[in-house]
Structure formats: C-alpha cells, structure tokens
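Remarks on the overall topology
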Amino acid sequence: MSDNIELESKAIDTESTEELIEEDHTFEDSKKIINEIIVELFNNIMMIEEKAVRMRGISDLSMSEIHAIDAIGIGEEGKMMSEVAEELHITMGTLTATMTKLEKKGYAKREKDPTDRRVVLASLTRKGELANKIHKNFHDEMIDRVMIDLDLHEDKILIRSLRNINEFFIKEYLAD
C-alpha cells in the first residue's frame, strides 16, 4: 500500500464532518468530531512529519534524532546537555545515546564548556544545521496551511484553544 493511500484511508470523512459543522448538531456531536480530529492528528502527524523530512533528503535520522537536533538548535556556543534533555522530557542517558548516534552520523557534537569543565555542551554541525532547517521548513509549511483560511479573530480562537489543550495535558500528565 502506498503512503498516499495509507494516509487517505486513515483520514476522517471530511465531507460528513463539514456537513455536521454547517448544520445544527448537539454538544455530543461536537465532542465526537473534535475527538476524531485530535486522535487522527496525533496518530498521523509523526508519520507525516517523518515522511516529509525523508522526501526532503533526510533519510538517515529517526524522528527522536530530528527532535533532538531541533532542541539543540542553532547557536555557536552550544546548549547544555541537561537543558536539551529537559526540553525533550528525556533522561540524560537517553540523550547521551541519541547524541552518540548524531555524532556518528555527523549531525552534532559535544564539547566541554571552557568555563566549567563539568558541563557538556551540545551543538550542531553544518549538516545538523541543514537538517534543522529542513525540519523547520516542514513546520512552517504546516502552520501556513493551518492558517491560510483563518482571519485574525479565528487565529486568536485557534491559539487559545490549542494553548488550553496543551496546558491541560501538561497539568494532567507532565506535572511533577
């Protein structure tokens, strides 16, 4: 089965969803539609993101490696390994293993901080910076597509709704 067919078969029936949006429906109907959209989005986004970066020439990185590259970011001074691990919500051991892979593939490097030899800084190589730009371009295109049909008022509603969803999940599942 091709990737396009696979994605199409997982897509929510957009026509019936649009009909429900246009016609009167109950609060329970709205909850069902929103649940279907969120579940589909969560299930598909990582797969779509991985496919998009592969189509753009990044075929030797896993999504966790790409997200580590994103968390390291572009900066000449590097970023403390502990900061990267915290941003990714992973252990230092997991980040160390990921960094070892990224170094072997030529995307990142680790160096001791010259001012504090106990601190290890992670930074990207030129190859890593290119991978990061490719990944960011995918995100820019995704957000541009989300916002293309929205007016300023709708942008604000979408932002508030997404922020509320994110805050709920953080509070319920990531809080210490």
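Quick summary incoming for the structure in this document. Once a new chain begins, its residue numbering starts again from 1 and follows that chain's sequence as written. Per-residue local features of the predicted model are confined to residues with pLDDT of at least 70, and side-chain atom pairs are confined, for both listing and counting, to 80 or more; whole-chain, interface and lining totals are unaffected and use all residues. Remark: hydrogens and water are excluded; side-chain values derive from all non-hydrogen atoms of the structure.

1. Observations concerning the overall build of the chain
Going by this rule: Secondary structure elements are defined from DSSP: runs of H or I of at least 4 residues count as helices, runs of E of at least 2 residues count as strands, and each element is numbered from the N terminus. Buried residues are those whose accessible area, probed at 1.4 Å on protein chains only, stays under 20% of the maximum for their type, while exposed residues exceed 50% and partly exposed ones sit between those limits. Whether two residues touch is decided by their heavy atoms; if any such pair falls within 4.5 Å, the residues are in contact. For accessible areas, the Shrake-Rupley method is used with a probe of radius 1.4 Å. Any residue's cover is judged against the shown protein chains and nothing else.
From N to C terminus, the chain includes eight helices and three strands. When the 176 residues of the chain are sorted by exposure, 23% land in the buried category. A separation of at least 24 residues holds for 53% of the contacts in the chain among residues at least 6 apart in sequence. When the accessible surface of the chain is totalled, it reaches about 12,600 Å², and 55% of it is carbon and sulfur.

2. Concerning a nonpolar patch on the surface
Condition: Each patch is built from salt-bridge-free residues with over 30% relative accessible area, joining like charges within 9 Å and nonpolar side chains (Val, Leu, Ile, Met, Phe, Trp, Tyr) within 5 Å. A pair is scored as a salt bridge if a Lys or Arg side-chain nitrogen falls within 4 Å of a carboxyl oxygen belonging to Asp or Glu.
Residues F42, L162, I165, F168, F169, I170, Y173 and L174 make up a contiguous nonpolar surface patch of roughly 790 Å² in combined accessible area. Sort the elements by how many residues they give to the nonpolar patch and helix 8 (residues 152–174) lands first, with seven residues. Among the secondary structure elements, I170 is positioned in helix 8.

3. Things to note about empty space enclosed by the protein
Worth spelling out the cut-off: Space inside and on the surface of the protein is sampled on a 1 Å grid over the protein atoms alone, with a cavity defined as a set of points where a 1.4 Å probe fits but cannot get out and a pocket as an open set with protein on both sides within 12 Å along at least 5 of 7 lines; lining residues have an atom within 4 Å of a point. Grid points are joined across faces, edges and corners, and a volume is the space filled by probe spheres set on the points. For this scheme, ten residues count as nonpolar: Ala, Val, Leu, Ile, Met, Phe, Trp, Tyr, Cys and Pro. Four count as charged, namely Asp, Glu, Lys and Arg, and the remainder, Gly too, count as polar.
According to the stated counting rule, one finds one cavity of 30 Å³ or more in the structure shown. In this structure, the largest cavity occupies an estimated 30 Å³ of space. What lines the largest cavity is V53, I58, L61, I66, I69, A131, I134 and H135. Where the lining of the largest cavity is concerned, the elements lending two or more residues are helix 4 (63–72) and helix 7 (126–147). Per-element tally for the lining of the largest cavity: the top contributor is helix 7, with three residues. By residue class, the composition of the lining of the largest cavity is seven nonpolar, one polar and no charged.

4. Points about helix 8
Quick note on the threshold: By definition here, a helix of n residues has an expected span of 1.5 Å times n minus one. The term polar contact refers here to a pair of N or O atoms within 3.5 Å; inside protein, the definition further demands a hydrogen-donor-capable atom paired with an acceptor-capable atom, and it admits residues adjacent in sequence only when both atoms are side-chain atoms.
Helix length check: helix 8, at 23 residues, gives a terminal C-alpha distance of 31 Å against a target of 33 Å (1.5 Å per residue), a fit within 8%. Looking at where helix 8 begins, the residue whose side-chain oxygen comes 3.1 Å from the main-chain nitrogen of H153 is D151.

5. Some words on the sheet that holds strand 3 (residues 116–124)
Counted only if it meets this: Strands were regarded as paired on the criterion that DSSP finds at least two bridges between them. Each axis is a line fitted through C-alpha atoms, taken for helices only over the stretch in contact, and angles between the N-to-C directions span 0 to 180 degrees.
With antiparallel pairing, three strands are arranged side by side in an open sheet as 1-3-2. On the outer flanks of this sheet lie strand 1 (79–80) and strand 2 (108–113), each paired with one strand and no other. As paired elements, strand 1 and strand 3 share two bridges and run antiparallel to each other. Bridge pairing links M80 to L121 in strand 3. Each of strand 2 and strand 3 is contacted by helix 6 (residues 92–105), which is oriented at about 120° to strand 2, the strand it contacts most.

6. What about the packing of helix 4 against helix 6?
Cut-off, in case you're wondering: Orientation is classified from the angle alone, with under 35 degrees giving roughly parallel, over 145 giving roughly antiparallel, 65 to 115 giving roughly perpendicular, and any other angle giving oblique.
At their nearest, the axes of helix 4 and helix 6 sit 10 Å apart, and the two run at 90° to each other. Taken together, the axis directions place helix 4 and helix 6 in an arrangement best described as roughly perpendicular. Where helix 4 approaches helix 6, its residues S64, E65, A68, I69 and I72 are matched on the opposing element by T98, M99, K101, L102 and K105. Residue composition of the contact of helix 4 with helix 6, by class: five nonpolar, two polar and three charged.

7. Considerations on the environment of E76
Mapping E76 onto the fold places it in the loop between helix 4 and strand 1. Look at E76 and you get exposed, because its relative accessible area is 85%.

8. Let's talk about helix 7
Stated precisely, the cut-off is as follows: What the arc describes is the spread of directions from the helix axis to the C-beta atoms.
Along its 22 residues, helix 7 runs 31 Å from first to last C-alpha, staying within 8% of the 32 Å computed at 1.5 Å per residue. All of the buried residues along helix 7 are G128, A131, N132, I134, H135 and F138. The arc enclosing the buried residues of helix 7, seen along the axis, measures out at 160°, which places them on a common side. When the buried face of helix 7 is taken as reference, the exposed residues oriented beyond 90 degrees from it are R126, L130 and D144. Residues of helix 7 that are buried sit in contact with helix 3 (27–55), helix 4 and strand 3.

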